[in-house]
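Architecture at a glance
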Amino acid sequence: MVFKPQRFHDEKPVVELEHQNEEPLETAVARQLAISQGMDASRLTVTASGSTIFLSGTMTNEAEIDRALEIVLAVPGVEKITHDLQVG
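Residues numbered from 1 in each chain as written. Predicted model: local features only at pLDDT ≥ 70, side-chain atom pairs only at ≥ 80, totals over all residues. Heavy atoms only, no water.

Taking 1.5 Å as the rise per residue, helix α1 (residues 23–35) with 13 residues should run 18 Å; its terminal C-alpha atoms sit 18 Å apart, in good agreement. For α1, the set of buried residues is Leu-25, Val-29 and Leu-33. Here the buried residues of α1 occupy an arc of 65° about the axis, which is enough to place them on one side. Facing away from the buried side of α1, by more than 90 degrees, are the exposed residues Arg-31, Ala-34 and Ile-35. Here the buried face of α1 lies against β1 (44–49), β2 (52–59) and α2 (62–73). (Helix = DSSP H or I, 4+ residues; strand = E, 2+ residues; numbered from the N terminus. Expected span 1.5 Å × (residues − 1). Buried < 20%, exposed > 50% of the residue type's maximum accessible area, 1.4 Å probe, protein only. Arc of directions from axis to C-beta. Contact = heavy atoms within 4.5 Å.)

Here's what the structure looks like:
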């Protein structure tokens, strides 16, 4: 069997929309949360979409939630935070 390169009517495909890689921003935010003093970030989930960070999980008290939001906003590249953090 012979495999040939895929062609679209003898033209190379054109990328119309390219999704940026959010992994570096997610990693930077998760790292900052993990090394910060005065809070436990082990039950948090960090997801990025562009420059928006989505946080979910549970924390010990409201002060920890406020601290987590401050830490995330201090990370370069983060412009907005959406969270579903619960006390529990």
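This part is about the pairing of strand β3 (residues 80–87). Inspection of the sheet shows β2 paired to β3 by eight bridges, in the parallel sense. Residue pairing across strands places Gly-57 opposite Leu-85, the latter belonging to β3. Considered for its hand, the β-α-β crossover made up of β2, α2 and β3 is right-handed. (Pairing = 2+ DSSP bridges. Right-handed = clockwise from strand over helix to strand, strands pointing away.)

Right, let's talk about the environment of Met-39 for a bit. As for its placement among the helices and strands, Met-39 is situated in the loop between α1 and β1. Considered as a pair, Met-39 and Met-59 are 20 residues apart in the sequence and their alpha carbons are 8.2 Å apart.

To continue, consider α2. Between its terminal C-alpha atoms α2 stretches 17 Å, which fits the 16 Å expected from 12 residues at 1.5 Å a residue. Along α2, the residues that are buried comprise Glu-64, Ile-65, Ala-68, Leu-69, Ile-71 and Val-72. Looking straight down α2, one finds that the buried residues subtend no more than 160° of arc, so they occupy a single side. The exposed residues of α2 that point more than 90 degrees off its buried face are Ala-63, Glu-70 and Leu-73. Structurally, α2 contributes buried residues whose contacts are with α1, β2 and β3.

Our next topic: the side chain of Thr-52. Relative to the elements of secondary structure, Thr-52 occurs in strand β2. Of the residues examined, Thr-52 reaches a relative accessible area of 16% and is grouped as buried.

Across a sheet, paired strands are connected by hydrogen bonds in the backbone, their directions being either parallel or antiparallel. Pairing is mixed in the open sheet, where three strands are placed in the order β1-β2-β3. One side of each edge strand has no neighbouring strand; the edge strands of this open sheet are β1 and β3. In this sheet, adjacent strand axes meet at a mean angle of 10° when their direction is disregarded. The pairing of β1 with β2 spans six bridges and is classified as antiparallel. Among the inter-strand pairings, Thr-47 is bridged to a residue of β2, identified as Phe-54. The sheet contacts of α1 involve β1 and β2, and relative to β1 the element is tilted by about 150°. (Axes fitted to C-alpha atoms, helices over the stretch in contact; angles between N-to-C directions.)

Just distances and angles here, no functional claims.
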